[in-house]
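Fold and contact review
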Amino acid sequence: MESSDVELDLQRSVQAVLRELRAQAPALRSLQGMWRWSLHKKVERDPGKSPALVRILLRELEKAEREDTRHVFIPLLHTLMYVLTKATGITEELYQRTYAFCMRLLTLPAPYCTVALDCAIRLKTETAVPGTLYRRLVIAEQNLPSELYPYQERVLLFVDPELVSPSVCSALLLEIEAAQTQHTPEACMRHVVSHALQAALGGACQAEALQRKLQASPRRALERYFRTVVTAVEQMASEPSASRKGHLERLEEIYCTLLGPTGAARGRCGGDPLPPRPPSIPLPSPHITFHLWTDEEQLWKELVLFLHPPPQLRLSADLEALDLQGLLPQQELARVSVLSTDSSIERDLPSGVEEPPAPGSPETERSGLQRKGGVKKRVWPPDILMPAHWDGPPGLHRRTGRPSGDGELLPGVSRLHTARVLVLGDDRMLGRLAQAYRSLRRRETQTFCLTPRLSLQLYYIPVLTPEKPASRRHSELGELAAFLGRADPWYESTINTLCPAIQKLAEMPPALHTARAVDPFLLDVITYYVRMGTQPVYFQVYTVKIFFSDRSQDSAEDIFLTELKVKIQDSRLPKDGFSPRRRGPAEALGAELSLCYRKALLSHRTQEVTVSLRATGLVLKTLPAAGTEDHLCLNVHVAEVVQSSSLAGRSFSTVTNTFRTADIRIQSQDQRLLTLLLDKDHRRTFRDVVRFEVAPCPEPCSGAQKPKALWLSSDQQKEMERTEATPRPLLMPINTFSGIVQ
């Protein structure tokens, strides 16, 4: 195909992607998500098209900058960065143009400046040392051994078998297993070596001869080539002023060592004709583990196994230095309180308590500096357990943007592991994820074994059970996905449109599944999401304290993420001496409720309201309705019974009233019992309720550490006590491509 035809075909595909961002008609929206996937597939099958696609995307970005059409900045920028990650043969001029464009976006508000800064940082290294993005991505995702780049990543895919059909689970497993069979560690090492040499040498690299050489190499030799290339490239990338010329000279030496002087010179002198298109170097999909959600503690167990695989017999050096407990899943996590009778005077020790160390041993030299018989107590800094996305006082506006706490939380302990937790399902699955997230944060207040070493990223793909015809219940179960689609148009186009495609692919006959092993659509979209979705949107988790009619029954406490629904039971609270009587028309409708709530005000003033009314039900939602302003507060919808009088007599009707509140307490006044339904999940139903209280769930770590600061002045101590008296809220992040686009 001529170059003009290639560019014309790619231009049509890019325009299709731009049209889908503006598409409102259902006929056009049904193909959303497929255009981006097909565009990347064209480049993957023919890597020679990559420079042309980069030029087209850059032209569209610069055109959008001139026309100030900001809604296409982030989608096009993500598409461009994904192409640059996999491509070879990109000129330095294209890298410089892309970097300059990202730098100009830094003057725009978030999220544009946030995404642009992340891209600019990666482009700066990629320009000096081509192939860095590809190499680091493969090493981290495939957990390849590398001393100079020891980062590891894993994608944990969780599916609730009660919410997702077995056919969908089978379709996902088929694509994941097929990809992992193709991308063995040896194949990934060959890809890294080939890509690094082709990206540096360009047309002077005999790609086919290089791949034949690597295919014929035994594993020991292949590992040696891999270590040599990674060491050379990482050393060059770590230099403050890395030069592309020095990088090229070092890789030319490695290339000559691999093919020999004759084979390497043949490529530079043009002895053999170059192939019409360079062989494709695939970007392996990340290492994904598939899990059926069974219990609340499963997330924590899998994260521990990721940090500490079963064959590993001892803790790493940094954890031993921290003296962390509870890393092994079979260990009991409860702390045991020990009363110390140590007087700090060595002569007070009873004889025979410890065996004396051997003469001349290191223990002998250290014995004079150690206390014996005491219990070590470690006091962490007061904010060490807190995520880094709380800056300033809590407000009503929803927080978004990348957290800044992904580096070292403690000196000498680096976050080398990244766990990307992806959940599939509807709002009920997210409610269970919120429970597991709070349990995880609560465990960290006791053991603190994951936070210093692990970066946790949460992702969500909606999978709704198909209903014919589509009912209102079907749309209600996808409220959080709909909110993310309104906040991030690229999430709507790429992820929300995946829901019907998942159902269609799951219903395909088994004979057609072999074609999906070649072009796995589901796996490709999941891979694109976990790689490019780096901007989290934070959701407030709410706690509810429930009191039952049976006073002998203890009160219960639970949390919810999206919705709490209140229904009026037909039965009344049993009461001594209660005589049944005929209920009036007003009593037949609903129950008399007492509501005490605190208004959600932008000024943060405390304004409490107490009201009594008759209602047939309530719904407490944490997400705003479509087209309304987004605030971190509860939206309470009350179906109130209203009495009206006319010539025909009295009549009663229900009117829905809505108000916003920060917290609320509700109690039944006329012995009518209530039923609570959390996160639309019938497995989380509470019956025979007379009173309940809803408030923002506090971060478990916010009250865990309260060190005594005796060196502070009285005013400073009062300020600290006031700060500690207001616990910080628990916010659960879900990653998107852009965060919230205003």
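Before any of the text, the structure's been laid out above.
Everything numeric here is computed off the predicted structure, so don't read it as measured data. (Residues numbered from 1 in each chain as written. Predicted model: local features only at pLDDT ≥ 70, side-chain atom pairs only at ≥ 80, totals over all residues. Heavy atoms only, no water.)

Here's the deal with the overall build of the protein
Where we set the bar: Helix and strand assignments follow DSSP, with helices taken as H or I runs no shorter than four residues and strands as E runs no shorter than two, numbered in order from the N terminus. Whether two residues touch is decided by their heavy atoms; if any such pair falls within 4.5 Å, the residues are in contact. Under the convention used here, a 1.4 Å probe and the Shrake-Rupley method define accessible areas, while residue burial counts only the protein chains that appear.
Helix and strand counts for the protein come out as 25 helices and 15 strands. Contacts in the protein between residues at least 24 apart in sequence constitute 77% of all its contacts with a sequence separation of at least 6. Here the protein has roughly 36,700 Å² of accessible surface; of this, 53% comes from carbon and sulfur atoms.

Thoughts on the pattern of salt bridges
We apply this condition: Whenever Lys or Arg places a side-chain nitrogen within 4 Å of a carboxyl oxygen from Asp or Glu, that contact is recorded as a salt bridge.
Going through the model one piece at a time under the given rule, you end up with 35 salt bridges. As a salt-bridge pair, Arg135 and Glu234 come within 2.9 Å of each other at their nearest N and O atoms. In this pair, Arg135 is assigned in helix H8 (residues 132-142) and Glu234 in helix H12 (residues 219-238), connecting sequence segments 99 residues apart. Glu563 is the partner of Lys621 in a salt bridge, and the nearest nitrogen-oxygen pair spans 2.4 Å. Of this pair, Lys621 sits in strand S10 (residues 608-621) while Glu563 is found in strand S8 (residues 563-572), placing the two residues 58 residues apart along the sequence. When salt bridges with common partners are traced through the structure, they connect Asp160, Glu162, Arg432, Asp681 and Arg683 into a single cluster.

Examining the packing of aromatic side chains
The description of two aromatic rings rests on the distance between their centres and on the angle between their planes. For clarity, the threshold we go by: Pairing of aromatic side chains here covers Phe, Tyr and the six-membered ring of Trp, requires ring centres within 6.5 Å, and sorts the geometry by plane angle: under 30 degrees stacked, over 60 edge-to-face, intermediate tilted. Categorising residues by exposure relies on relative accessible area from a 1.4 Å probe, with only protein chains included: less than 20% of the type maximum marks a residue as buried, more than 50% marks it as exposed, and the intermediate range marks it as partly exposed.
One pass over the full model with this rule turns up 13 aromatic pairs. Plain terms: the ring middles of Phe483 and Phe539 are 5.7 Å apart, the flat faces sit at 70° to each other, and that makes the pair edge-to-face. You can see Phe483 sitting in helix H19 (residues 479-487) and its partner Phe539 sitting in strand S5 (residues 535-540), a full 56 residues away along the chain. On the accessibility criterion, Phe483 (5% relative accessible area) is buried.

Regarding the pairing of strand S13 (residues 672-678)
Regular strands place side chains that alternate from one sheet face to the opposite one. Where we set the bar: Strand pairing is defined by DSSP finding a minimum of two bridges between the two strands.
Along S13, seven of the seven residues are buried, which leaves the element largely enclosed by surrounding structure. With burial as the criterion, each face of S13 is covered, one bearing Arg672, Leu674, Leu676 and Leu678 and the other bearing Leu673, Thr675 and Leu677. Turn length for the S13-strand S14 (residues 685-696) hairpin, with the two strands adjacent in sequence and antiparallel, is six residues, and the turn residue Asp679 shows positive phi of about 55°.

A short note on the packing of H19 against helix H20 (residues 489-496)
Here is the rule we go by: Whenever a helix is involved, its axis is fitted only over the stretch in contact; in every case the axis is a line through C-alpha atoms, and angles between N-to-C directions fall within 0 to 180 degrees. Comment on the angle field: the value is read as roughly parallel under 35 degrees, roughly antiparallel over 145, roughly perpendicular from 65 to 115, and oblique elsewhere. In this classification, the charged set is Asp, Glu, Lys and Arg, the nonpolar set is Ala, Val, Leu, Ile, Met, Phe, Trp, Tyr, Cys and Pro, and all remaining amino acids, among them Gly, are polar.
Between H19 and H20, whose axes approach to 5 Å, the crossing angle comes to 130°. As far as their axial angle goes, H20 and H19 are oblique. Here Ala481, Ala482, Leu484, Gly485 and Ala487 of H19 lie close against H20, whose contacting residues are Pro489, Tyr491, Glu492 and Asn496. Residues belonging to the contact of H19 with H20 are distributed by class as follows: six nonpolar, two polar and one charged.

Regarding the packing of helix H5 (residues 73-86) against helix H7 (residues 112-128)
In helix packing, the relevant descriptors are the interaxial angle and the interaxial distance, both defined with respect to the helix axes. Threshold: Left-handed is the label given to a crossing in which the near helix is rotated counterclockwise from the far helix by less than a right angle, and right-handed is the label when the rotation is clockwise.
Running from N to C, H5 and H7 point in directions that differ by 20°, and their axes come no closer than 11 Å. By the angle class used here, H5 and H7 are roughly parallel. H7 is crossed by H5, and the crossing has left-handed handedness. Contact with H5, carried on its side by Phe73, Ile74, Leu77, His78, Met81 and Leu84, involves Tyr112, Val115, Ala116, Cys119, Arg122, Leu123 and Glu126 of H7 and no other residues of that element. Its residues placed into classes, the contact of H5 with H7 shows 10 nonpolar, one polar and two charged.

As for unusual backbone geometry
Geometrically, the link from Ala110 to Pro111 is a cis peptide bond, its omega value of 5° lying close to zero. In this fold, Pro111 is placed in the loop between helix H6 (92-105) and H7. At Asp68, a position not held by glycine, the phi torsion is positive, near 60°. As for its placement among the helices and strands, Asp68 is situated in the loop between helix H4 (50-67) and H5. By relative accessible area, Asp68 is classed as partly exposed at 48%. Non-glycine residue Asp679 carries a positive phi angle of around 55°. Checked against the element boundaries, Asp679 lands in the loop between S13 and S14.

Focus on helix H11 (residues 207-216)
Structurally, the α-helix is built with 3.6 residues per turn, so residues lying three or four positions apart point the same way. To keep it simple, the criterion reads: To obtain the arc, one takes the directions from the helix axis to the C-beta atoms.
All of the buried residues in H11 are Ala207, Leu210 and Leu214. Along the axis of H11, the buried residues cluster in a sector spanning 65°; they form a single face. For H11, exposure combined with an orientation more than 90 degrees from the buried face picks out Arg212, Gln215 and Ala216.

A short note on a positive patch on the surface
Under the convention used in this document: For patches, a residue must show more than 30% relative accessible area and have no salt bridge; joins then use 9 Å for like charges and 5 Å for nonpolar side chains, namely Val, Leu, Ile, Met, Phe, Trp and Tyr. The charged-residue count follows a simple rule in which Lys and Arg add positive charge and Asp and Glu add negative charge, with His and chain termini not counted at all. Throughout, a charge is located at the NZ atom of Lys, the CZ atom of Arg, the CG atom of Asp or the CD atom of Glu.
A contiguous patch of positive charge on the surface is contributed by Arg19, Arg22, Lys63 and Arg66. When residues of the positive patch are traced back to their parent elements, those giving at least two are helix H1 (3-22) and H4. Mapping Arg22 onto the fold places it in helix H1.

Looking at the side chain of Asp488
How we decide: Any pair of nitrogen or oxygen atoms within 3.5 Å is treated as a polar contact; in protein, a donor-acceptor pairing is required on top of that, and neighbouring residues in sequence qualify only through side-chain atoms on both sides.
By secondary structure assignment, the location of Asp488 is in the loop between H19 and H20. Arg36 provides the closest opposite charge to the buried, unpaired Asp488, separated from it by 12 Å. A polar contact is formed between the side chain of Asp488 and the backbone nitrogen of Trp490, at a distance of 3.1 Å. A polar contact of 2.8 Å, which involves the side chain of Asp488, links it to the backbone nitrogen of Ser738. With residues up to four places along the chain from it excluded, the contact list for Asp488 reads Thr736, Phe737, Ser738 and Gly739.

Let's talk about H5
Applicable threshold: Every helix has an expected span of 1.5 Å times one less than the residues it contains.
Helix length check: H5 (14 residues) gives 20 Å between terminal C-alpha atoms against 20 Å at 1.5 Å per residue, within 8%. H5 sits mainly inside the fold: 14 of its 14 residues count as buried.

Side note on the sheet that holds strand S3 (residues 417-425)
Pairing within the open sheet is parallel, and its four strands lie in the order S2-S1-S3-S4. The sheet is open, and its two edges are formed by strand S2 (288-292) and strand S4 (454-462), each paired on a single side. On average, each strand axis in the sheet is inclined to that of its neighbour by 20°, with strand direction left out of account. Relative to S3, strand S1 (residues 152-159) is paired through eight bridges, and the arrangement is parallel. Its bridge partner being in S3, Arg154 is matched across the sheet by Ala419. In this fold helix H14 (residues 298-307) packs onto S1, S2, S3 and S4, with an angle of close to 155° to the strand it touches most, S1.

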